[in-house]
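Structural description and commentary
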Amino acid sequence: MSNGQDQEPILWCNRAEPTRTRFAFGWDDNGNRVQLFDDKTGAPRIEKIPQQPHLGTPLFGLQQLRVRRSVKTLCDDGNEREIVVTNAAAHLNDTDNSYERYQLGTKGRNLGWIPTGSCPSAMVMMGQIPPGTVKAEAAKDGAPCSAAVVGYGKPPCRHYKAEMAKRKELRRIDDARRAEALKTEEAKLMESNAASQKEAAAAMTALSAKVVDAVAAIAAKVSDDAAPAPAPSKGGK
Ligand SMILES: [Zn+2]
């Protein structure tokens, strides 16, 4: 069976050869590329990647075509995602980049998406994204990074790191607000019950402390009363 170049690339997912995930890598504070692990379990972090086109069939020698299907991008919610830039795995016409222009140029521009290796400050200055989409003040300080500092395969610049942190912070605030708004009446009732029970318990503790004090005072008084009267100083001589 040959993998002739006259064969059309296939589109279906290839279950025999799982190619849609890989170990996640990132950057440490010193700009070294490091593998990422789960904070809690210590397990390697896995990231999803878009399906790649193949030549051949699953039965007879499948060959993956390593074309550029996606660009890793910092999205508006603070997550880095693989943004697909061809409209299908079998899209191999590299003269038509209309889908990429839509994904990163139109949609990404409006939402302020920043491809990894780019400087948000420079992107704002060049009009690639609107200033309003950059949330961190430190990410638009008017001193964009030069091409010598940022670029493909280079560690993120200070603007990018500041922007990612700010977007994550804003998302957490928004998540908390949504969680509060979506709480059921039952959950709200349970929370208020728990709060009032806590209050009642605190009141009981304070009360019982008072009771203990009062009992101690009474006991002291009783023992004073019961004590034998001092011997009269006069007489008895
Ligand atoms: Zn920068």
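Residues numbered from 1 in each chain as written. Predicted model: local features only at pLDDT ≥ 70, side-chain atom pairs only at ≥ 80, totals over all residues.

Some details on the overall build of the protein
Where we set the bar: Only DSSP runs of H or I with at least four residues qualify as helices, and only runs of E with at least two residues qualify as strands; both kinds are numbered from the N terminus onward. Here the C-beta atoms are placed from the backbone, and a residue counts as buried if at least 20 other C-beta atoms lie within 10 Å of its own, exposed if 12 or fewer do, and partly exposed otherwise. Two residues qualify as a contact pair if the distance between their C-beta atoms, derived from the backbone, is within 7 Å.
Regarding its fold elements, the protein presents four helices and nine strands. Counting from the amino terminus, the protein carries its helices and strands in the arrangement β-β-β-β-β-β-β-β-α-β-α-α-α. Counting over 237 residues, the protein shows a buried share of 13%. Within the protein, residue pairs in contact and separated by at least 24 positions form 52% of the contacts whose partners lie at least 6 positions apart.

Remarks on the sheet that holds strand E7 (residues 70-74)
This is how the line gets drawn: Between any two strands, at least two bridges found by DSSP are needed for them to pair. Working convention: axes come from line fits to C-alpha atoms, limited for helices to the stretch in contact. Angles between N-to-C directions cover 0 to 180 degrees.
An order of E8-E7-E9 is seen for the three strands of this open sheet, with the pairing classed as antiparallel. Strands at the two margins of the open sheet, each flanked by one partner only, are strand E8 (80-84) and strand E9 (114-115). For E7 and E9, the ladder comprises two bridges, and the chain directions are antiparallel. Residue pairing across strands places Thr-73 opposite Pro-115, the latter belonging to E9. Sheet strands touched by helix H1 (residues 98-111): E7, E8 and E9. Its angle to E8, the strand with the most contacts, is close to 125°.

Considerations on the nonpolar core
Worth spelling out the cut-off: Think of a nonpolar core as buried Ala, Val, Leu, Ile, Met, Phe, Trp, Tyr and Cys residues, each tied to the set through C-beta atoms within 7 Å.
Leu-74, Ile-114, Cys-119, Met-123, Cys-157 and Tyr-160 are the most contacted members of the largest nonpolar core, which has 13 residues in total. Only helix H2 (120-125) and helix H3 (158-181) provide two or more residues apiece to this core. What Cys-119 contacts, discounting residues up to four positions off in sequence, is Pro-144, Cys-145, Val-150, Cys-157, His-159 and Tyr-160.

Some thoughts on H3
Cut-off, in case you're wondering: Here the expected span of a helix is defined as 1.5 Å times the quantity of residues minus one.
Here H3 contains 24 residues, and its C-alpha end-to-end distance of 35 Å stays within 8% of the 34 Å for a straight helix at 1.5 Å per residue. Turning to H3, its buried residues number three or more, namely His-159, Tyr-160, Ala-162, Glu-163, Met-164 and Arg-167. The inward-facing, buried residues of H3 abut E7, E9 and H2.

Observations regarding H1
Taking 1.5 Å of rise per residue, 14 residues should cover 20 Å, and H1 covers 18 Å from first to last C-alpha, within 8% of that figure. Where H1 terminates, the next one or two residues include Gly-112, which has phi positive at roughly 75°.

Description of the pairing of E8
Of the pairings in the sheet, the one linking E7 to E8 comprises five bridges and is antiparallel in character. The partner of Leu-74 across the bridge, within E8, is Glu-80. Connecting E7 to the next strand, E8, in antiparallel fashion are five residues, including Gly-78 with a positive phi near 95°.

Describing the confidence of the model for the protein
We count it as follows: Per-residue confidence from the predictor is reported as pLDDT, which spans 0 to 100.
Averaged over every residue, the pLDDT of the protein is 85; the share at 70 or more is 86%. The lowest-confidence element of the protein is strand E6 (residues 63-64), averaging 77 in pLDDT; the highest-confidence one is E9, averaging 96.

A closer look at the environment of Asn-97
Secondary-structure assignment places Asn-97 in the loop between E8 and H1. Between the alpha carbons of Asn-97 and Asn-87 there is a distance of 9.5 Å; along the sequence they are ten residues apart.

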